Amino acid sequence: MVGRPGHWWAARESAHTLGVETPPLRWIDPPEGPAIALLDQTRLPAAEAIVTCGDVPALVDAIRRLVVRGAPMLGVAGAFGVALAAYRGDDVAAAAAEIGQARPTAVNLGWGVRRALAAYRRALHNQTDGPERVAARAVVAEARSIEAEDAAASAAMARYGLALVPESARVLTHCNTGALVSGGEGTAFAVILAAHRAGRLAKLWIDETRPLLQGARLTAYEAQRAGMPHAVLADSAAASLLAAGAVDIILTGADRIAADGSVANKVGTYGLAVLASHHGVPFVVVAPVSTVDLDTPEGAAIKVEQRPAEEVTSLAGVRIAPEETPGYNPAFDVTPPELITAIVTERGVAQPPTAGTLRVLTAGSGKPDGAAAAVYVERWGP
């Protein structure tokens, strides 16, 4: 639905946002647009506010500020950003480069941008009558395809991942991986939601996720809307929770998966994987194959984004560390494949995650020969 200025995308405040069905991203066609309307995830759950990006610099700023976030949704946003540049008559290649560099770790952002840019160039090559406008429409169509494919991937990952969740599961998750980051119901959260609907979820433990509290603000928001039994804990409390035997499986998402199976995800994920290994708890990553980057050979080659220091030294805009104290704020950490039980994708499950299993899944060629590179779904637990 396309509204008028001041209609559904106008910023609005409410006591809570439970039941709100506003999508995280919506494209606005001309004449009201071109523009991209984003649900401002920095202000949830206390306020529902829509940020309307009418040009590429506004979109880049929104991406950097985490107004829109999460690997799959960044791919969608990047593609629509190319469409925005095309409709405005900007230098599309330059705009694509700017968008693709807005956040360096999340591989889907550059992937979506490159795919949209390729669609733009194909349309220009094939058209002679009004080629720029035709090419712009072609990019919008490509971006919508990426969004629809992500929704389908989300549903498929939920089906594959559900087979790994035991009955009466107590699940621990980190950061936010639900509908706010996806064209569908998410990645890891989509599996958790499937388990809840199947009656398998006894409890969802949600790391608050420092320093921006995506778990406490966003995952808890989505869990409450879904009616899940859940609780938020400090990231540092996960160790004692695992030691108490209160976790049956850990499910997380990913922002980039290297060719060797190393996974970059929200900082704190690596610590959870170490704890899971020590306590004998399955550690499962859920991500679409678009997050697998075969051009990055290993985890050490993943560029980890460094966020502004004030995200650590301040809280809700109030300085909490001494004025002269610097901050160290990596957005992600990298988990090596030997600590990962399985990687769930829309094409199957890599278990164990290796260069061989990942190449099979990204090629979509089905199950390989030989147990050493098995790609299959196996359920464990009580």
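The shown structure was predicted, so the numbers you read here are calculated from the model rather than taken from an experiment.

**Examining the overall build of the chain**
Argument step 1. Within the chain, the secondary structure is distributed over 11 helices and 18 strands.
Argument step 2. Taking all 382 residues of the chain together, 55% fall into the buried category.
Argument step 3. The long-range share in the chain, meaning contacts at least 24 apart out of those at least 6 apart in sequence, stands at 74%.
Argument step 4. Accessible surface for the chain amounts to roughly 15300 Å². Of this, 53% is attributable to carbon and sulfur atoms.

**Some remarks on the sheet that holds strand S11 (residues 263-266)**
Argument step 1. Strand order in the open sheet formed by 4 strands is S13-S10-S11-S16, with mixed pairing between adjacent strands. A strand with exactly one partner marks an edge of an open sheet, and here the two such strands are strand S13 (292-293) and strand S16 (332-335).
Argument step 2. Pairing of strand S10 (residues 256-258) with S13 involves 2 bridges; the strand directions are parallel. What sits directly across from Ile 257, in S13, is Val 292.

**Focus: the environment of Pro 34**
Argument step 1. By the secondary structure assignment, Pro 34 is in the loop between strand S2 (25-28) and strand S3 (35-39).
Argument step 2. The residues contacting Pro 34, other than those within four sequence positions of it, are Trp 27, Ile 28, Gly 54, Leu 84, Tyr 87 and Arg 88.

**Focus: helix H11 (residues 355-363)**
Argument step 1. Taken together, the buried positions of H11 are occupied by Thr 357, Leu 358, Val 360 and Leu 361. The buried residues of H11 all sit within an arc of 160 degrees when viewed along its axis, so they share a single face.
Argument step 2. Check the buried side of H11 and you find it contacts S10, S13, strand S17 (342-345) and strand S18 (348-350).

**Section: the sheet that holds S18**
Argument step 1. In space, the 7 strands of this open sheet follow the order S8-S7-S6-S9-S12-S17-S18, with mixed pairing throughout. If you trace the sheet from one side to the other, it starts and ends with strand S8 (230-233) and S18, each paired once. Within the sheet, the average angular offset between the axes of one strand and its neighbour, ignoring direction, is 25 degrees.
Argument step 2. Pairing geometry for strand S9 (residues 249-252) and strand S12 (residues 283-286), over 3 bridges, is parallel. Residue pairing across strands places Ile 250 opposite Phe 283, the latter belonging to S12.

**Thoughts on the packing of aromatic side chains**
Argument step 1. A full pass over the atoms with the stated rule returns 2 aromatic pairs.
Argument step 2. Judged by centre distance (5.7 Å) and plane angle (15 degrees), the ring pair of Trp 27 and Phe 80 falls under stacked. Of this pair, Trp 27 sits in strand S2 while Phe 80 sits in helix H2 (residues 71-88), and the two are 53 residues apart along the sequence.
Argument step 3. Ring centres of Trp 27 and Tyr 87 lie 5.8 Å apart, and the angle between their planes is 40 degrees; on these two criteria the pair is classed as tilted. Note that Trp 27 is positioned in strand S2 and Tyr 87 in helix H2, a separation of 60 residues in sequence. For the pair Trp 27 and Tyr 87, a shared accessibility class is recorded, and that class is buried.
Argument step 4. A network of ring pairs unites the aromatic residues Trp 27, Phe 80 and Tyr 87 as a single cluster.
Argument step 5. Seen from the ring of Trp 205, Lys 203 lies directly overhead, with NZ or CZ sitting 5.2 Å from the centre.

**A closer look at the layout of surface pockets**
Argument step 1. Within this model, the largest pocket holds a volume of roughly 460 Å³.
Argument step 2. If you trace the largest pocket, you find 28 residues lining it, with Asn 108, Trp 111, Val 289, Ser 290 and Val 292 closest to the centre.
Argument step 3. Listed by contribution, the elements that provide at least two residues to the lining of the largest pocket are H2, helix H4 (107-126), helix H5 (131-162) and S13.
Argument step 4. The element best represented in the lining of the largest pocket is H4, accounting for 7 residues.
Argument step 5. The residue makeup of the lining of the largest pocket, split by class, is 13 nonpolar, 5 polar and 10 charged.

**Things to note about the packing of H2 against helix H3 (residues 92-100)**
Argument step 1. H3 packs onto H2 with a crossing angle of 150 degrees between their chain directions and a minimal axis gap of 9 Å. As summarised for this structure, H2 and H3 are arranged roughly antiparallel, according to the angle between their axes. Here H2 and H3 pass one another in a crossing that is right-handed. Packed against H2, whose contacting residues are Gly 78, Gly 81, Val 82, Ala 85 and Ala 86, the element H3 presents Val 92, Ala 95, Ala 96 and Ile 99 at the interface.
Argument step 2. Looking at side-chain class alone, the contact of H2 with H3 contains 7 nonpolar, 2 polar and no charged residues.

**Considerations on empty space enclosed by the protein**
Argument step 1. Considering all chains together, one arrives at 1 cavity of 30 Å³ or more under this definition.
Argument step 2. Quantified by volume, the largest cavity comes out at close to 270 Å³.
Argument step 3. Lining the largest cavity we find 26 residues, and of these Arg 69, Gly 70, Cys 175, Asp 255 and Phe 332 sit closest to its centre.
Argument step 4. Counting only elements with at least two residues in the lining of the largest cavity, the list comes to H2 and S11.
Argument step 5. Per-class residue counts for the lining of the largest cavity are 12 nonpolar, 8 polar and 6 charged.

Rules behind the numbers
Residues numbered from 1 in each chain as written. Predicted model: local features only at pLDDT ≥ 70, side-chain atom pairs only at ≥ 80, totals over all residues. Heavy atoms only, no water. Helix = DSSP H or I, 4+ residues; strand = E, 2+ residues; numbered from the N terminus. Buried < 20%, exposed > 50% of the residue type's maximum accessible area, 1.4 Å probe, protein only. Contact = heavy atoms within 4.5 Å. Areas by Shrake-Rupley, 256 points an atom, 1.4 Å probe, with all protein chains shown as cover. Pairing = 2+ DSSP bridges. Arc of directions from axis to C-beta. Axes fitted to C-alpha atoms, helices over the stretch in contact; angles between N-to-C directions. Phe/Tyr/Trp six-rings, centres within 6.5 Å; stacked < 30°, edge-to-face > 60°. Lys NZ or Arg CZ within 6 Å of the ring centre and 35° of its normal. 1 Å grid on protein atoms, 1.4 Å probe; cavity = no way out; pocket = protein on both sides within 12 Å on 5 of 7 lines; lining within 4 Å. Points joined across faces, edges and corners; volume = space filled by probe spheres on them. Nonpolar A, V, L, I, M, F, W, Y, C, P; charged D, E, K, R; others polar. Parallel < 35°, antiparallel > 145°, perpendicular 65-115°, else oblique. Left-handed = near helix turned anticlockwise from the far one by under 90°.

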